[in-house]
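# Chains, contacts and geometry: an overview
Listed here are the chains, written in short residue letters.
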Amino acid sequence: MRTIPPLSDCPRAAWLPLRGVLTDIDDTLTAEGDIAPAALAALHRLQDAGVPVIAITGRPAGWSAPFALDWPLRGIVAENGGVLLHRENDALVTEFAQDDATRRENFARLQACAAAIVATVPGAQPARDSAGRLTDIAVDHSEFTRLDDEAIAAVCDLMRAHGLVATVSSIHVNGWIGEHSKWTAAQWAVRRLTGRAFDPREWVYVGDSTNDQLMFERVPLSVGVANIARFLPMLDHPPAYVTASERGDGFAEVARALLAAAG
């Protein structure tokens, strides 16, 4: 297995150009759907220091909405780049990467694909958060249902046969129609929420699984929390560094390093 340098090896100079943090949510900030106390405290410290944090997740808009209001984030891009949720005057604003007509057309195709997966792949079940999904579908592989690697690959193959993009997170297989991704989400959200064009050299990205590897590839300072070890054999583009701790405690390590360098 490849060796990734520990976050403690990251030089202070690498942190100095940073303006903000981009992060996954599941198993990066949370465990079993709940945010880790260390991660929540880290988000508050970053907010107090004026460091914007934007989350980019495969979770649905419906699941993400309360956290976009309650957590100290600039916003959340849900459904792997399909939906942006953020606060304006204490109200939730929801924006979409695709227009209404495109979303209506895609919805029927997405539901047909989901039905085919359940009918074809033994044990495959829609994610329990599917009711909150507006622009994608998700199949559970590790949250409440367990699918082995062969079944996960079969789900991905069916999604692609139906014309979907397919990615695997730490808990779900996500599928959607369109060119959006976590990378386009970063470009969209940074400009929309900070008023600045997205320069990947000015942001750190934190993640934990295979659906983060586009960001690991394109953001120079990328960090995997320690539980990424499960997915390293599947990654063509691993993160630049890895934390000593898992999940939200690992995210807190990233925040401490950034704030220490800035101080």
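Structure: see above.
Everything numeric in this text was worked out from a predicted model, so none of it was measured.

Hydrogen bonds between backbone groups are what pair the strands of a sheet, and the pairing can be parallel or antiparallel. Taken in spatial order, the eight strands line up as 7-6-5-4-1-11-12-13 in an open sheet, and their pairing is mixed. Looking along the sheet, the strands with just one partner apiece sit at the ends: strand 7 (91-96) and strand 13 (241-242). The pairing of strand 4 (residues 53-56) with strand 5 (residues 75-78) spans three bridges and is parallel. Each bridged residue has a counterpart across the sheet, and for A55 the counterpart in strand 5 is I76.

Bringing the nonpolar core into the picture now. By size, the foremost hydrophobic cluster in this structure holds 39 residues, and its most contacted members are W15, V21, L29, L46, V204, F251 and L258. Those elements that provide at least two residues to this core are helix 2 (37-48), strand 4, helix 3 (61-70), strand 5, strand 6 (83-88), strand 11 (203-207), strand 12 (221-224) and helix 8 (247-262). With six residues, helix 8 is the single largest residue contributor to this core. Among residues more than four places away in sequence, those in contact with F251 are V21, T23, T28, L29, A39, A42, L43, L46, V206 and V225. In this structure, I4, A185, V190 and W203 belong to the second largest nonpolar core, which totals 22 residues.

What follows deals with the side chain of R59. For R59, the position within the fold is in the loop between strand 4 and helix 3. With relative accessibility at 3%, the residue R59 sits in the buried group. A polar side-chain atom of R59 sits 2.6 Å from a polar atom in the side chain of D26. In this structure the side chain of R59 is engaged in a polar contact, spanning 2.7 Å, whose partner is the side chain of E143.

Running from amino to carboxyl end, helix 4 (residues 100-120) crosses helix 5 (residues 149-161) at an angle of 145°, the nearest separation of the two axes being 10 Å. As helix 4 runs across helix 5, the sense of the crossing is right-handed. Along its contact with helix 4, which presents C113, A116, I117 and T120, the element helix 5 presents V155, L158 and M159. When the residues that make up the contact of helix 4 with helix 5 are grouped by side-chain class, the tally is six nonpolar, one polar and no charged.

All right, on to the packing of aromatic side chains then. Throughout the structure, instances matching the rule amount to four aromatic pairs. Judged by centre distance (4.4 Å) and plane angle (25°), the rings of F67 and W71 are stacked. The residues F67 and W71 share a single accessibility class, namely buried. Three or more aromatic residues joined by ring pairs make a cluster, and in this case those are W63, F67 and W71. Geometry around W63 places R59 over its ring, the cationic atom sitting 4.5 Å from the centre. The ring of F96 carries the charged tip of R103 above its face, separated from the ring centre by 3.7 Å.

With that settled, consider the pairing of strand 1 (residues 20-23). Residues G20 and L22 of strand 1 are buried on one face, and the alternating residues V21 and T23, pointing to the opposite face, are buried as well. Direction of pairing for strand 1 relative to strand 4: parallel, over a ladder of three bridges. Looking across to strand 4, one finds that T23 is bridged to A55.

Right, let's talk about the sheet that holds strand 9 (residues 165-168) for a bit. Spatially, three strands are ordered 8-10-9 in an open sheet, and the strand pairing comes out antiparallel. Every other strand in the sheet has two partners, leaving strand 8 (136-140) and strand 9 as the edge strands with one partner each. This sheet shows a mean twist of 20° between the axes of neighbouring strands, independent of strand direction. Both strand 9 and strand 10 (residues 172-176) contribute to a ladder of four bridges, which runs antiparallel. The residue of strand 10 that forms the bridge with A166 is G175.

Calculation rules
- Residues numbered from 1 in each chain as written.
- Predicted model: local features only at pLDDT ≥ 70, side-chain atom pairs only at ≥ 80, totals over all residues.
- Heavy atoms only, no water.
- Pairing = 2+ DSSP bridges.
- Helix = DSSP H or I, 4+ residues; strand = E, 2+ residues; numbered from the N terminus.
- Core = buried A, V, L, I, M, F, W, Y, C linked by side-chain atoms within 4.5 Å.
- Buried < 20%, exposed > 50% of the residue type's maximum accessible area, 1.4 Å probe, protein only.
- Contact = heavy atoms within 4.5 Å.
- Polar contact = N/O pair within 3.5 Å; in protein donor to acceptor, adjacent residues only side chain to side chain.
- Axes fitted to C-alpha atoms, helices over the stretch in contact; angles between N-to-C directions.
- Left-handed = near helix turned anticlockwise from the far one by under 90°.
- Nonpolar A, V, L, I, M, F, W, Y, C, P; charged D, E, K, R; others polar.
- Phe/Tyr/Trp six-rings, centres within 6.5 Å; stacked < 30°, edge-to-face > 60°.
- Lys NZ or Arg CZ within 6 Å of the ring centre and 35° of its normal.

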